[in-house]
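Residues per chain are reported as follows:
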Number of protein chains: 2
Amino acid sequence: MKETLQELTEEMRDELSEQAHYLVQYIENNDKDAFLNSFDELHTFDQAIFYVSLTAQLRHQIIDWLKPVELADIFDEIDPEDVDFNDLLSEMSPHYAAEMLAEMYTDNAVDLMSDLDSKQLALYLSLMPKKSAEEIKRFLKYDDDTAGSLMSTEFIAINQQLSIGQAMVEVKQAAQEAEQINYIYILDDNGVLVGVISLKSLIVWPDAAKVAEVMDTNLITVSPADDQEEVAKIMADYNFVAIPVVAEQKMVGMITVDDIVDVIDEEAAEDYSRLAGVDVVTLEDNPIKSAMKRLPWLIGLIFLGMGTASVIDGYNYLVAETSILAVFISLITGTAGNAGTQSLAVAVRRIALQEKKSIFKSLLIEILIGVMIGILAGVTIFLVILIWKNNLLLGIAVGLAMSVAILVANVAGAFIPLIMDKVGVDPAVASGPFISTLSDLTSVIIYFNVAKAFIDHFMMH
Amino acid sequence: MKETLQELTEEMRDELSEQAHYLVQYIENNDKDAFLNSFDELHTFDQAIFYVSLTAQLRHQIIDWLKPVELADIFDEIDPEDVDFNDLLSEMSPHYAAEMLAEMYTDNAVDLMSDLDSKQLALYLSLMPKKSAEEIKRFLKYDDDTAGSLMSTEFIAINQQLSIGQAMVEVKQAAQEAEQINYIYILDDNGVLVGVISLKSLIVWPDAAKVAEVMDTNLITVSPADDQEEVAKIMADYNFVAIPVVAEQKMVGMITVDDIVDVIDEEAAEDYSRLAGVDVVTLEDNPIKSAMKRLPWLIGLIFLGMGTASVIDGYNYLVAETSILAVFISLITGTAGNAGTQSLAVAVRRIALQEKKSIFKSLLIEILIGVMIGILAGVTIFLVILIWKNNLLLGIAVGLAMSVAILVANVAGAFIPLIMDKVGVDPAVASGPFISTLSDLTSVIIYFNVAKAFIDHFMMH
């Protein structure tokens, strides 16, 4: 009776849509108790999916039935990229919305509020408890993509003087508020973070033991300004479920692994987007908006491509004399472009993995690879032309041009992102389409120069 | 006194290499106590990095000093893609190696043993405790990339009849063995999984409460044959730290979020690899091996590119007459290739995100986008040629060819992966280089046909 996940998720989906069907009926019949009973049985993530899928009118009834603190749990699960929060919030009274935002985990509330216009933002901040408003204001200052923007302030920190038994009492009290309690953080009398103890250790140690004696003092921390990608790497390497964020020796927050899962996916989607020259981080369902996202790269590269066209135009007299030269233009530009895209992808990936290698060594390796690939591809095309056209000189000319064009594209594909990384520009700006269009230009220059040299010397025509 | 993570990790690295320096000295001086004291202070991940970086001779001393169960913790942290496990294991006595493998988490041991040759595998299995050997044999049957290959068997499951107090006693006993104890799984008398309770809830509820009364019965489970990518999606959506694996209603394992972090990274790297036509999942430092990984795509596509070359060859008479036609070959193939890569990237990403949309609707949208992009790019190139060459008919011919070539490349880029996905082939096999080389072929066919029509009708030359 094995079932595949496909079936399982379909089943889950069917079950969910059946439940959704009943839930909608309960709302329409104004049957609050039946609705709340069924709704409570759903996972929060499923509640969020259901909530977002409703009409504004149906949502209005739910807002009426749930307290702000209850709706906050649901809003904590909504992906900010999937919906328009302005719309969702404007369906509530400002007081209700402010209270709900204050009850959300700070990092999620901030994610959501950073998209609001300044008037709305100021309104909600003025309506929520002062403490929440101040915390949110502090968070709003952290740049997107930094540890600060990801961290949660709902962590458990206790004094190192406590015994395990006392610590357990504090943990039980704090458990309702905390985002997760895998780790309990230990502070000294000045509030400086000095150690950590897992909940697992806490329940295993005898009540009388001192926290300071059993805590782990070998701490790995990050600071609020750190890049989220580097935080993700540390957490993935060390298999942490949470990591403390420290500023001026004080613990200011904690980043949990669920946020890191999203970061890894987002950063990978960004690298992928740049390789293709199109943003796939947020997918667009509207064809016009989709087209508008793709056009800038395409049109921009047409002008770079015009450079290539004008180089060929400059050799027009050669093509007019020896029209067979035109036959191999797309083969050479295409193959060199493919090689350049490959070395670009490898270089961007190495940078993303934060491999530490000298530029000099990286380039030397890429030159070696380019020479080997260039020679083998050149020999291949030489043999093909020899057989196809039975023309030795043409084979040598095209094969040689191919080899050199591949070497140049290969080195450019690796060199451009490496240099960009060194000077501090995001290396992925060097996109696949950019490298292959640039490589078209260098390839036709190489091709026509080699061809011209052969024609001049051997009078191929 | 803010420090960036870059500095921090550099600092960590410096600290680590200083510690490594002392550790090596302790080994060389045969100072076991000093070594073990310092070594114990490192995080297991850092111990693993240190261990792998040593010479075989130094490692031999560590093997001598550590028990198999201690070395097992370190081996649990080693990434199988980074090292040659055959070498590492052959440095130990077979008995030691077998015991260490038995002490590792089953999923990690299996990952590692699946790379061994069958003789070595049989030897280690014969030397380890029968129970471990049987478990590992069972795991070896699960395909790579399935839930079964990721799951750990070190989870905590208790009977639903227990009280919270009794459950806590069991959890304390089991805590040492379990990979993580965020969740305690609840079984009925037949061993069927009926509920789950978080450790957080367990410590908050009073001792006298019954587990069955407070457990969460709304379970989301996966089965061993499920695709790891789909498991990752569920865990990321629901923010789970662990998910139970169920076969024939019995709980057989648990997948923890640290494994899912690796899966997300690996699956993203796979999509990225295919987009570039080069494997970046495992990066190669050896230039010869690197070149060998890149060549198959390049050489294969040269033969597809020869198709394009022979199409141009077929229109050689046209180029000989009107050599300016050669000028725009690379611009048209390049731009259409870029558009095809964009729509390919979007389609592969949509498939990876498991968006459910009909093929018909997806294609309709992509056709609309292709028409819009094609017209705008065509008009751009028409205007450029009009200004540059002051030739209206050439501008119309090239602009029209460009529009149609982009539309075709755009639709092919989306259509090929969608069809592959529907028939069950991994859609990412349709790589970026393949789509752009294929688009070269369709583009030159379109270009020369349009040009020929114009020449025949308007006698452009």
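Quick caveat, the model's predicted, so the values are computed rather than measured.

Would you mind going over the interface of chain A and chain B with me for this structure?
Often the size quoted for an interface is simply the accessible area lost on bringing the parts together. Every contact between the two is made by 130 residues of chain A and, on the other side, 130 residues of chain B. When the two sides are added together, the surface that chain A and chain B hide from each other amounts to roughly 11100 Å², 66% of it contributed by carbon and sulfur. Of the charged contacts, one joins Arg349 of chain B and Asp265 of chain A as a salt bridge, the two residues approaching to 3.6 Å between their closest N and O atoms. Per element, the largest residue contribution to the side of chain A that touches chain B is 20 residues, and it comes from helix 17 (residues 287-314) of chain A.

Whenever I open this one, the sheet that holds strand 2 (residues 183-187) of chain B confuses me. Can you help?
Hydrogen bonding along the main chain pairs the strands of a sheet, whether they run parallel or antiparallel. All names here are of chain B. Here three strands make up an open sheet; going across it, the order is 1-2-3 and the pairing mixed. Two strands lie at the open edges of the sheet, namely strand 1 (157-159) and strand 3 (193-198), each paired on one side alone. Strand-to-strand twist in this sheet, taken as the mean axis angle between neighbours without regard to direction, amounts to 35 degrees. Bridge analysis of strand 1 against strand 2 gives three bridges, and the strand direction is parallel.

For this particular structure, what's the right way to read the relation of the copies chain A and chain B?
Copies of the same chain, two in number, are related to each other by a rotation about an axis and a translation along it. In screw terms, the move from chain A to chain B is a rotation of 180 degrees and a rise of 0.0 Å along the axis, fitting with an RMSD of 0.1 Å. Such values leave the two copies arranged in the relation of a two-fold axis. A symmetric contact is evident, with 98% of the interface residues of chain A recurring at the interface of chain B.

Any chance you could explain helix 2 (residues 32-41) of chain A here in plain terms?
Each α-helix turn comprises 3.6 residues. Residues three or four places apart therefore point the same way. All names here are of chain A. Within helix 2, burial applies to Ala34, Phe35 and Phe39. Considered in projection along helix 2, the buried side chains sweep an arc of 120 degrees and stay on one side of the axis. In helix 2, the exposed positions that point more than 90 degrees away from the buried face belong to Asp33, Asn37, Asp40 and Glu41.

Looking at this model, I keep getting lost on the domain arrangement of chain A. Mind explaining?
What the domain assignment lists for chain A is domain 1 (5-141), domain 2 (157-256) and domain 3 (287-458). Put simply, the middle of domain 1 of chain A and the middle of domain 2 of chain A, counted by C-alpha atoms, are 30 Å apart.

Can you help me understand the environment of Ser198 of chain A in this one?
All names here are of chain A. Within the fold, Ser198 resides in strand 3 (residues 193-198). In this structure, the C-alpha to C-alpha distance between Ser198 and Ile184, residues 14 residues apart in sequence, is 6.0 Å. Not counting the four nearest positions on each side in its chain, Ser198 is found in contact with Asn182, Tyr183 and Ile184.

Could you clarify how one ought to interpret the packing of aromatic side chains in this entry?
Remark: the centre distance and the inter-plane angle together describe each pair of aromatic rings, the angle taken between the planes. If you walk through the whole model with that rule in mind, you get 25 aromatic pairs over all chains. With centroids separated by 6.5 Å and ring planes inclined at 50 degrees, the aromatic side chains of Tyr183 of chain A and Tyr185 of chain A adopt a geometry described as tilted. Here the aromatic rings of Tyr315 of chain B and Phe448 of chain B are separated by 5.1 Å at their centres, their planes lie at 10 degrees, and the arrangement is stacked. In this pair, Tyr315 of chain B is assigned in the loop between helix 17 (287-314) and helix 18 (316-321) and Phe448 of chain B in helix 22 (residues 432-458), connecting sequence segments 133 residues apart. Taking relative accessible area as the criterion, Tyr315 of chain B reaches 16% and is therefore assigned buried. Taking relative accessible area as the criterion, Phe448 of chain B reaches 0% and is therefore assigned buried.

Conventions and cut-offs
- Sequence order as written defines the numbering, with residues in each chain counted from 1.
- The naming scheme follows written order: chains are lettered A onward, ligands numbered 1 onward.
- Local features are withheld for residues below a pLDDT of 70 in this predicted model, meaning they are given only at 70 or higher, and side-chain atom pairs are given and counted only at 80 or more; totals for whole chains, interfaces and linings count all residues.
- Note that the side-chain values use all heavy atoms of the structure and ignore hydrogens as well as water.
- In what follows, a contact means two residues having at least one pair of non-hydrogen atoms within 4.5 Å.
- By buried area we mean the combined loss of accessible area, with a 1.4 Å probe, across both parts when two parts are placed together.
- What counts as a salt bridge is simple: a side-chain nitrogen of Lys or Arg found within 4 Å of a carboxyl oxygen of Asp or Glu.
- Every helix listed is a DSSP run of H or I at least four residues long, and every strand listed is a run of E at least two residues long, numbered separately from the N terminus.
- Should DSSP find at least two bridges between two strands, the strands are regarded as paired.
- Only the stretch in contact is used when a helix axis is fitted, and all axes are lines through C-alpha atoms; the angle between N-to-C directions ranges over 0 to 180 degrees.
- A least-squares fit on C-alpha atoms brings the copies together, and the residues used are those whose pLDDT is at least 70 in both copies.
- Exposure is judged per residue with a 1.4 Å probe applied to protein chains only, and the accessible area is read against the type maximum: over 50% gives exposed, under 20% gives buried, and values in between give partly exposed.
- The directions from the helix axis to the C-beta atoms are what the arc is built from.
- Just so you know, the domain bounds were taken from an automatic or database domain assignment.
- We call Phe, Tyr and Trp rings a pair once their centres come within 6.5 Å, taking the six-membered ring for Trp, and we label the pair stacked below 30 degrees between planes, edge-to-face above 60, and tilted otherwise.

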